[in-house]
Amino acid sequence: MSKDDPTPTDGSADPDDGADEDHRADGLDLARAMMRGAVSPGSPVARKRRRPGARTRRARGGNEGGLSGAYPDERDPQLLGGEIGRLVDQRGWGLDLQVRGVFARWTEVVGDEIGAHSAPETLTDGTLVVRTDSTAWATQLKLLAPSIVKRLNSELGDGTVTVVEVLGPNAPSWKHGRRGLRDGRGPRDTYG
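Computed from a predicted model, the values in this text were never measured in an experiment. (Residues numbered from 1 in each chain as written. Predicted model: local features only at pLDDT ≥ 70, side-chain atom pairs only at ≥ 80, totals over all residues. Heavy atoms only, no water.)

(A) Seen up close, the pattern of salt bridges. If you walk through the whole model with that rule in mind, you get 4 salt bridges. Its salt-bridge partner being R86, residue E83 comes within 2.3 Å of it at the nearest N-O pair. Separated by 3 residues within a single helix, E83 and R86 lie in helix α4 (residues 80–91), roughly one turn from each other. Taking the relative accessible area as the measure of exposure, R86 reaches 44% and is therefore partly exposed. When the shortest N-O distance is used, the salt bridge between R131 and E121 registers 2.9 Å. A residue pair is termed long-range when its members are at least 10 positions apart, and R131 in strand β2 (residues 127–132) and E121 in strand β1 (residues 118–124) qualify at 10 residues. Classification of R131 by relative accessible area gives partly exposed; the value is 22%. A cluster of three or more residues bridged by salt bridges with shared partners is formed by R105, E108 and E155. (Salt bridge = Lys/Arg side-chain N within 4 Å of Asp/Glu carboxyl O. Helix = DSSP H or I, 4+ residues; strand = E, 2+ residues; numbered from the N terminus. Buried < 20%, exposed > 50% of the residue type's maximum accessible area, 1.4 Å probe, protein only.)

(B) Spatial organisation of the pairing of strand β3 (residues 163–167). Burial along β3 is one-sided: V164 and V166 are buried, while V163, E165 and L167, pointing the other way, are not. Across 5 bridges, the pairing between β2 and β3 is parallel. What sits directly across from L128, in β3, is V164. (Pairing = 2+ DSSP bridges.)

Dropping the structure here:
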């Protein structure tokens, strides 16, 4: 502070200008008081600064100073697995994740031989669509459908799969080029 300029250079209030010694215009006094725990949650200063509807630490059972305590609370870092589990429950993705898990383990669920010749495509409204690599395996899977439904319901929960729709292999397209016949007989072999 110079002799010509009465304002202090460090930003503190001059005690001679009539201002209260405990209050500073920049608010640093309130921040320091809160950090030291001098401002209790019920004081007029704390009530004025608090958000409407915000709970105090005393209401949550923690310490009064607003600082972190020795016991865990919602501000502590959370495990990722717990947070993902909560998100899955909130969004209702539980059954979808189970179905995708069974699709990924298809050969383990239905057996090596059936899994080598078939693959699940969709599961909607209790109908499982399975694609096979030959018509012979499509016929075999249609005969084994009740046992497959039983295995899948034991994995996913009762009533999840009600019908297994078996599709044969995709037929090759005999159309080459931009033009074609609408009612042509095509090749004389059947596919599917």
